[in-house]
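Structure assessment
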Amino acid sequence: MTDPSAFSINSGHEAPRINPENENIPLISRNSFFRKITKLCGGRDMDSGTAENGYVEFGSIGEISNGRTLGTFAGVFSPVALSMFSALIFLRVGYIIGNAGLITTLIQFAIAYGILFFTVASICAISTNGAVEGGGAYFMISRTLGPEFGGSIGTLFFLANVVSSALYIVGFGEGLIENFGKTGYLMNEDSKFYLPSGEWWQFLYCTVLNVVNLLVCLIGAGMFAKTSVAILGVVTVSLISVVVSLSVQSSFEVAIPERNSLFTNSTYHANGTFTGLSTATLRNNLYPSYAPDYTSTSELTNFASVFGVLFSGVTGIMAGANMSGELRDPAKNIPKGTLSAVAFTLCCYLTISVLIAATCDRFLLQNNYIFMLPTNVWPPFVTIGILTATFSASLSNLIGSSRVLEALAKDNVFGQLLMFISKGVWRSNPLAAVFLSWLLVQLILLIGSLNLIAQINSVLFLLSYLATNLACLGLDLASAPNFRPSFKYFSWYTALIGLIGTLVMMFVINSVYAASSIVLCLLLVLLLHLFSPSRSAHWGSISQALIFHQVRKYLLMLDSRKDHVKFWRPQMLLMVGNPRSCCPLISFVNDLKKSGLYVLGHVKVGPEFSQMSDDPTLDEYSHWLSLVDHIKVKAFIELTVARSVREGLHHLVHLSGLGAMKPNTIVFGFYDDQIPHDYFLDADSPYRTERFQQECGGASGGGSEGESGRGSGGGSEVFGLRQSVEEKQLSGQEFVCLISDVLRMKKNVCVCRHFHTLNKAKAAVKSGSFKYIDVWPVNFFHPNAEDPFNTTSLFMLQLACIINMVRGWKHLQLRVFLCDSNMAVTGLTEFHAQRSTEQRFRHLLHSLRIKASIHPVAEWSTQLASLRGGSVFRTKDHEVSDGHVAKTYLSNLNQVMRHHSSDKATALMLLYLPEPPSAQSSANDLTQYLQYLNQLTTDLPATLLVHGISTVTSTTL
């Protein structure tokens with residue numbers, strides 16, 4: 001019995017390895033083992049969550065049994081060559097030369113194949129840069145451009161394959177009628193048997209072929225792959241017969257088909273001339289001479305319509321990539337097979353084009369698209385070539401479209417809309433995708449005209465080629481380290497040339513179709529971005545790499561030494577202890593940032609980092625990102641681990657931001673003893689969600705911003721709330737020290753209180769109860785005549801003006817309550833002092849372009865007179881004065897402010913935050929300062945206490 005440990009089978013995508021210690025196990029035993037495992041797995045990927053290709057990969061030993069059985073020739077070269085020959089080489093090369101002339105035809109082939117070669121280089125670059133799975137071109141584009149662009153381009157690529165299959169089926173029907181119809185070359189009304197002719201009869205024949213394609217697809221793509229080599233051989237023999245016939249046949253007349261109503265009718269039949277090899281014929285066919293297309297309309301052809309037909313015949317370069325799920329080694333098979341097939345078909349097209357231009361007169365080429373039949377030494381060669389080439393190309397595109405649709409369904413791009421596609425798979429064959437693709441092909445067949453379908457087909461394929469080149473160009477320009485394709489002939493300029501070429505030729509072929517397809521693509525991008533379940537798929541998106549590249553470049557260009565006050569904007573760092581209780585505050589600061597930097601900072605309190613087994617912030621970071629998405633704020637997340645909140649604050653203030661984008665304003669919630677309120681569980685809260693319930697176990701409580709600025713308990717619960725005051729990790733004295741430390745670091749400070757009472761929805765209603773934003777530019781702890789004009793007051797006015805510019809706050813009126821301290825300083829009468837200060841302040845508002853009403857506070861003189869020494873502190877060193885007098889003074893001021901907002905019309909109040917005692921002050925001083933703040937702001941509306949350090953306003957241009 002074989003030792004089970006001899007094998008290591010994993011459940012991911014990496015192929016399992018054989019234990020080198022057991023290499024003496026007979027190869028037959030190993031293969032038998034793998035076959036048994038494959039049978040038990042039902043031919044599926046052992047990881048049930050990622051069974052994208054419907055096979056189990058066992059490395060080199062299991063290649064035969066893993067469903068990937070196709071090599072370069074059968075899997076890539078043959079499908080690509082057959083798709084590129086298709087109907088064009090037998091049915092439309094004469095049409096192209098007859099209208100465009102040989103020189104223009106060669107130029108068009110150069111343009112078409114130039115675009116193809118550059119696009120193939122991009123395809124090869126992507127396919128050699130990582131494992132290519134089912135879905136081919138869609139897989140490569142989506143995994144590079146991301147779900148939105150990948151899904152939209154994949155949808156259009158699916159439609160391109162559908163239209164292309166219909167195109168080749170119409171070519172098959174046309175060839176069938178031209179050979180076996182009423183006026184056919186092989187069978188006609190003079191024969192005992194012929195096929196009825198007419199538009200609807202042709203539609204019937206096309207439908208029959210479409211049904212045959214459906215049956216082959218239901219059997220499986222393997223059957224097509226097995227026959228594609230034989231079909232390519234048949235087509236090659238037919239092409240050789242065409243080359244030989246054009247080279248050896250002598251001159252004779254060729255009848256114009258009755259289908260051409262421009263030159264044939266019941267009484268008149270025109271003939272064209274096959275001259276054999278002739279320099280005179282070659283000269284006559286060198287230059288353009290556009291004529292009407294007798295198969296669709298009587299309008300003259302032109303360069304664009306002819307190129308549209310030409311390009312539609314050579315769009316099969318992705319036929320091999322579409323079979324990526326069946327290829328043994330896509331990274332090798334796709335580049336070799338595609339490049340060799342493109343070179344082979346180009347040689348064939350050029351050879352036949354020159355021979356046709358040298359042997360057929362222009363009248364014949366313009367009026368008999370099936371001229372190769374009567375000019376062939378044995379006409380059935382051409383018939384067989386037409387029918388086999390068009391049949392194989394139509395089948396190849398039907399298979400390709402079904403595989404792309406299956407990949408879209410597996411990626412959940414359209415959610416429930418394509419769920420039936422994922423479920424409709426039997427033995428790795430996407431039956432539901434095949435049926436839907438077949439039905440769409442059947443609808444396209446109703447168009448009927450090959451040349452019209454060809455233009456639609458060309459535009460759709462060009463758009464998919466454009467996306468492929470765009471993906472590679474973006475990867476190269478983003479300088480992504482992991483973009484290291486082994487295909488050495490790719491560079492950014494090959495992708496750029498391919499991109500420009502495809503974009504230009506799309507509009508040259510048909511500007512209406514091109515514009516419509518681009519609009520449809522962008523519309524799909526928007527819809528998928530908003531609604532697709534896969535928009536958060538972890539595929540990696542080129543947009544992220546490009547954004548990183550550009551952001552890094554511009555951050556380096558952003559020089560803090562060139563900062564100017566005219567362009568100052570708030571860059572906010574909000575310290576958040578627990579977001580469950582801070583949702584209104586987080587949302588408010590998002591409004592306050594005025595397109596500036598916004599960082600949510602959180603301190604994880606714990607032992608020294610060296611004593612931890614791992615970083616606790618790593619697991620929490622994703623939850624904070626989900627929080628940002630839920631509250632819908634534009635913020636960055638910064639988490640740190642420290643022994644105390646104070647130490648963590650130092651980390652965040654020093655290290656948050658990047659380059660010149662550093663926080664200049666630090667925001668705290670107020671320190672109080674209220675139990676925090678859980679906005680995630682509150683039924684009436686606009687922030688209600690169950691997104692975090694599983695992680696946090698449904699912790700709940702009540703309170704305000706008291707959790708802002710502190711660590712969250714250090715437990716295993718994400719955003720778990722504290723249930724009592726004893727669970728706090730920050731004391732009142734430490735909170736005051738935080739403010740002092742920030743000021744010493746030369747940052748502006750904001751302390752927020754009562755934001756749990758702020759209802760932004762009500763504040764945003766113009767006819768609602770909220771009407772004002774109030775500003776009190778006075779240092780109540782140490783009033784001074786210059787308070788309304790100092791840095792902190794100007795900072796308050798700037799913040800008030802900013803919030804008043806934000807949607808939802810614009811309708812509120814800005815009120816400034818002016819407390820004039822001049823009478824206590826200069827001895828002026830109250831009236832003259834107020835007039836002097838008010839005029840000066842009004843002039844300041846005018847120069848700052850701030851619209852606000854000024855309201856002198858009549859009660860201020862009385863309150864100021866009750867303050868002994870003009871300060872709640874006795875000296876500059878903040879030695880505490882008579883506490884009873886200070887508390888009475890602050891209580892009275894609180895009553896005054898509440899009186900002026902007694903109608904509950906004030907949505908937001910901005911107050912002057914006095915400078916706190918230094919961190920080295922006694923605990924009594926620190927506690928007293930916090931108590932004074934608490935008393936001053938009790939029962940006020942949502943209050944923002946502000947202390948400014950730097951100049952933020954400018955009166956100059």
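Before reading on, note that the structure itself is shown above.
I will try to describe carefully the structure that is included in this document. (Residues numbered from 1 in each chain as written. Predicted model: local features only at pLDDT ≥ 70, side-chain atom pairs only at ≥ 80, totals over all residues. Heavy atoms only, no water.)

**So, a nonpolar patch on the surface**
A contiguous nonpolar surface patch, about 610 Å² in accessible area, is contributed by Val234, Ile240, Val244, Val248, Val377, Trp378 and Ile384. At four residues, the largest contribution of residues to the nonpolar patch is made by helix 8 (residues 221-248). Mapped onto the elements, Val248 comes out in helix 8. (Patch = residues over 30% accessible without salt bridge, like charges linked within 9 Å, V, L, I, M, F, W, Y side chains within 5 Å. Areas by Shrake-Rupley, 256 points an atom, 1.4 Å probe, with all protein chains shown as cover. Salt bridge = Lys/Arg side-chain N within 4 Å of Asp/Glu carboxyl O. Helix = DSSP H or I, 4+ residues; strand = E, 2+ residues; numbered from the N terminus.)

**Things to note about the pattern of salt bridges**
Summed over the entire model, instances satisfying the criterion amount to 14 salt bridges. Residues Glu838 and Arg842 are paired through a salt bridge, measuring 2.8 Å at the closest nitrogen-oxygen approach. Of this pair, Glu838 and Arg842 both sit in helix 28 (residues 830-847), separated by four residues, roughly a single helical turn. Among the ionic contacts, a cluster of salt bridges with common partners joins Glu608, Arg643 and Glu647.

**Some remarks on the pairing of strand 9 (residues 636-642)**
Counting buried positions along strand 9 yields five of seven residues, so the element is predominantly enclosed. With seven bridges connecting them, strand 8 (residues 598-605) and strand 9 associate as parallel partners. From the neighbouring strand, Val599 faces strand 9, where its bridge partner is Phe636. With helix 21 (residues 617-631) bridging strand 8 and the parallel strand 9, this β-α-β connection has right-handed handedness. (Buried < 20%, exposed > 50% of the residue type's maximum accessible area, 1.4 Å probe, protein only. Pairing = 2+ DSSP bridges. Right-handed = clockwise from strand over helix to strand, strands pointing away.)

**Let's talk about the packing of helix 4 (residues 93-127) against helix 16 (residues 450-477)**
Running from N to C, helix 4 and helix 16 point in directions that differ by 35 degrees, and their axes come no closer than 9 Å. Crossing hand, helix 4 versus helix 16: left-handed. When helix 4 is examined against helix 16, the residues Tyr95, Ile115, Leu116, Phe118, Thr119, Ser122, Ile123, Ala125 and Ile126 are found in contact with a partner set consisting of Asn451, Leu462, Tyr465, Thr468, Asn469, Ala471 and Cys472. Classifying every residue of the contact of helix 4 with helix 16 gives 11 nonpolar, five polar and no charged. (Axes fitted to C-alpha atoms, helices over the stretch in contact; angles between N-to-C directions. Left-handed = near helix turned anticlockwise from the far one by under 90°. Contact = heavy atoms within 4.5 Å. Nonpolar A, V, L, I, M, F, W, Y, C, P; charged D, E, K, R; others polar.)

**Here we look at the packing of helix 16 against helix 18 (residues 511-531)**
Orientation of helix 16 relative to helix 18, taken along the N-to-C sense of each, is 45 degrees, at an axis distance of 10 Å. Judged on the interaxial angle alone, helix 18 and helix 16 are oblique. Between helix 16 and helix 18 lies a crossing whose hand is right-handed. Residue-level contacts link Leu452, Gln455, Ile456, Val459, Leu460 and Leu463 of helix 16 to Tyr513, Ala514, Ser517, Ile518 and Cys521 of helix 18. (Parallel < 35°, antiparallel > 145°, perpendicular 65-115°, else oblique.)

**Overview of a positive patch on the surface**
On the surface, a cluster of positive charge is contributed by Arg569, Lys594, Arg807 and Lys810. Inspection of the secondary structure assignment puts Arg807 in the loop between helix 26 (791-803) and strand 13 (813-818). The class for Arg807 is exposed, based on a relative accessible area of 78%. (Lys, Arg positive; Asp, Glu negative; His and termini not counted. Charge placed at Lys NZ, Arg CZ, Asp CG, Glu CD.)

**Here's the deal with the sheet that holds strand 10 (residues 665-669)**
Pairing within the open sheet is mixed, and its 10 strands lie in the order 9-8-7-10-11-16-15-12-13-14. Looking at strand neighbours, the two that pair on one side only are strand 9 and strand 14 (853-856), the edges of this open sheet. Pairwise comparison of adjacent strand axes, ignoring direction, gives a mean angle of 25 degrees for this sheet. Across the sheet, helix 21 touches strand 8 and strand 9, and the angle it forms with strand 9 is around 150 degrees. Strand contacts of helix 26: strand 10, strand 11 (748-753), strand 12 (772-776), strand 13, strand 15 (906-912) and strand 16 (943-947), with the helix running at about 160 degrees to strand 15, the strand carrying the most contacts.

**Some thoughts on the packing of aromatic side chains**
For the structure on display, the rule yields 34 aromatic pairs. On the numbers, 5.1 Å between centres and 15 degrees between planes, the contact of Phe73 with Phe77 is stacked. Placement of both Phe73 and Phe77 in helix 2 (residues 72-85) is noted, with a separation of four residues, approximately one turn of the helix. Phe73 gets classed as partly exposed once you look at its relative accessible area, which sits at 45%. Among the residues examined, Phe77 registers a relative accessible area of 12% and is labelled buried. Measuring from centroid to centroid gives 6.3 Å for Tyr679 and Tyr687, while their planes differ by 90 degrees, and the two rings are edge-to-face. Across the pair, exposure class does not vary: Tyr679 and Tyr687 are buried alike. Here the aromatic cluster, defined as three or more aromatic residues joined through ring pairs, consists of Phe73, Phe77, Phe85, Phe109, Tyr113, Phe117, Phe344 and Tyr349. The residue whose ring lies beneath Lys553 is Tyr554, and the NZ or CZ to ring-centre distance is 5.3 Å. Directly above the ring of Phe789 sits Arg840, whose terminal nitrogen or CZ lies 3.9 Å from the centroid. (Phe/Tyr/Trp six-rings, centres within 6.5 Å; stacked < 30°, edge-to-face > 60°. Lys NZ or Arg CZ within 6 Å of the ring centre and 35° of its normal.)

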